[in-house]
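Residue-level structure breakdown
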Amino acid sequence: GIKIDKELFSRMSADLGSEHAKLEQEMFTQVGYEFNIASPSQLSEVLFTKLQLPTTGIKKGKTGYSTGQKELDKLKGQHPIIELIERTRELAKLKNTYVDTLPEQTDEFSRIHTTFNQDVAGTGRLSSTNPNLQNIPVRSDLGRKIREAFIPEQGNVFVSADYSQFELRLAAVL
């Protein structure tokens, strides 16, 4: 298994929770009332009725205008709440998917036992399931912080190797 620092995850969870709450309060202040940020219909009401953001080019469904990421991208720069929505979504996703759930999936030695599959990916690469440890973000500061919570045992190190087009290189040599 892969050992994790459960205490670091616990601190991250608290930090992410308080930052999320702070951003929510900032949004509530901008709008003038509290609403459920996770509710597409309430968020649509806030963005397009209360704040009167432009609806040109925004998809409309049965319950109102879409608040999906593609639609929010079209609204960037229109109002500061857009960036707050995106940030709260990122925080919630990382907290719920990794920070809060990975520690619950450890054994008595604080290790996560993922399953590596060699025959699932069409390229022959290994894939990871139950839990999928390959999807932990690496490009954001927060994603890198999550990865820091994976710790090697004393005297060991983590090694990352990418055999870029290894099969083609081997075939060329042969």
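Basis of the calculations
- Residues numbered from 1 in each chain as written.
- Predicted model: local features only at pLDDT ≥ 70, side-chain atom pairs only at ≥ 80, totals over all residues.
- Heavy atoms only, no water.
- Helix = DSSP H or I, 4+ residues; strand = E, 2+ residues; numbered from the N terminus.
- Rg over C-alpha atoms; globule rule 2.2 N^0.38 Å.
- Buried < 20%, exposed > 50% of the residue type's maximum accessible area, 1.4 Å probe, protein only.
- Contact = heavy atoms within 4.5 Å.
- Areas by Shrake-Rupley, 256 points an atom, 1.4 Å probe, with all protein chains shown as cover.
- Core = buried A, V, L, I, M, F, W, Y, C linked by side-chain atoms within 4.5 Å.
- 1 Å grid on protein atoms, 1.4 Å probe; cavity = no way out; pocket = protein on both sides within 12 Å on 5 of 7 lines; lining within 4 Å.
- Points joined across faces, edges and corners; volume = space filled by probe spheres on them.
- pLDDT = per-residue confidence, 0-100.
- Salt bridge = Lys/Arg side-chain N within 4 Å of Asp/Glu carboxyl O.
- Axes fitted to C-alpha atoms, helices over the stretch in contact; angles between N-to-C directions.
- Parallel < 35°, antiparallel > 145°, perpendicular 65-115°, else oblique.
- Left-handed = near helix turned anticlockwise from the far one by under 90°.

1. Details of the overall build of the protein chain
Within the protein chain one finds six helices and six strands. Its helices and strands in sequence order give the protein chain the pattern β-α-α-β-β-α-α-β-β-β-α-α, from N to C terminus. The C-alpha atoms of the protein chain give 21 Å as radius of gyration, which overshoots the globular expectation for 174 residues (16 Å, by more than 25%). The dimensions of the protein chain, computed from C-alpha atoms along their principal axes, are 65 × 45 × 25 Å. Scored against the burial criterion, the 174 residues of the protein chain give a buried share of 32%. Taking as baseline every contact in the protein chain between residues at least 6 positions apart, the subset at least 24 positions apart corresponds to 51%. In the form shown here, the protein chain has an accessible surface area of approximately 11500 Å², with 50% of it arising from carbon and sulfur atoms.

2. Some words on the nonpolar core
Within the largest apolar cluster, 36 residues are counted, with the highest numbers of intra-cluster contacts made by F9, F35, L47, I81, L102, I146 and F150. At the level of secondary structure, the elements contributing two or more residues to this core comprise α1 (6–31), α2 (40–50), α4 (81–99) and α5 (141–148). Not counting residues within four places of it along the chain, the set of residues in contact with F9 comprises I4, Y98, V99, L102, P103, I146, A149 and F150.

3. A closer look at the layout of surface pockets
As a volume, the second largest pocket reaches approximately 160 Å³. Per element, the largest residue contribution to the lining of the second largest pocket is three residues, and it comes from α4.

4. Some words on the confidence of the model for the protein chain
In the predicted model, the protein chain carries a mean pLDDT of 90, and 96% of its residues have values of at least 70. Taken element by element, the protein chain is modelled with least confidence in helix α6 (residues 166–173), mean pLDDT 78, and with most confidence in α1, mean pLDDT 96.

5. Here's the deal with the environment of S127
Relative to the helices and strands, S127 resides in strand β6 (residues 127–129). With a relative accessible area of 11%, S127 lands in the buried category. Filtering out sequence-adjacent residues up to four positions away, S127 remains in contact with T115, F116, N117, V120 and Q134.

6. Quick notes on the pattern of salt bridges
Under the counting rule described, the total for this entry stands at nine salt bridges. Notably, a salt bridge pairs K74 with E71, separated by 3.1 Å at the nearest N-O pair. Of this pair, K74 and E71 both sit in helix α3 (residues 69–74), three residues apart, roughly one helical turn. Taking relative accessible area as the criterion, K74 reaches 46% and is therefore assigned partly exposed. By relative accessible area, E71 is classed as buried at 4%. Here E86 makes a salt bridge to K76, at a shortest N to O gap of 3.7 Å. Of this pair, E86 sits in helix α4 while K76 sits in the loop between α3 and α4, placing them 10 residues apart in sequence. One connected set of salt bridges, linked through shared partners, spans K3, R111 and E153.

7. Observations regarding the packing of α1 against α5
The contact between α1 and α5 brings their axes to 10 Å, and the two run at 155°. Judged by the inter-axis angle, α1 sits roughly antiparallel to α5. Classified by chirality, the crossing of α5 by α1 is left-handed. Here L8, F9, M12 and L16 of α1 lie close against α5, whose contacting residues are L142, K145, I146 and E148.

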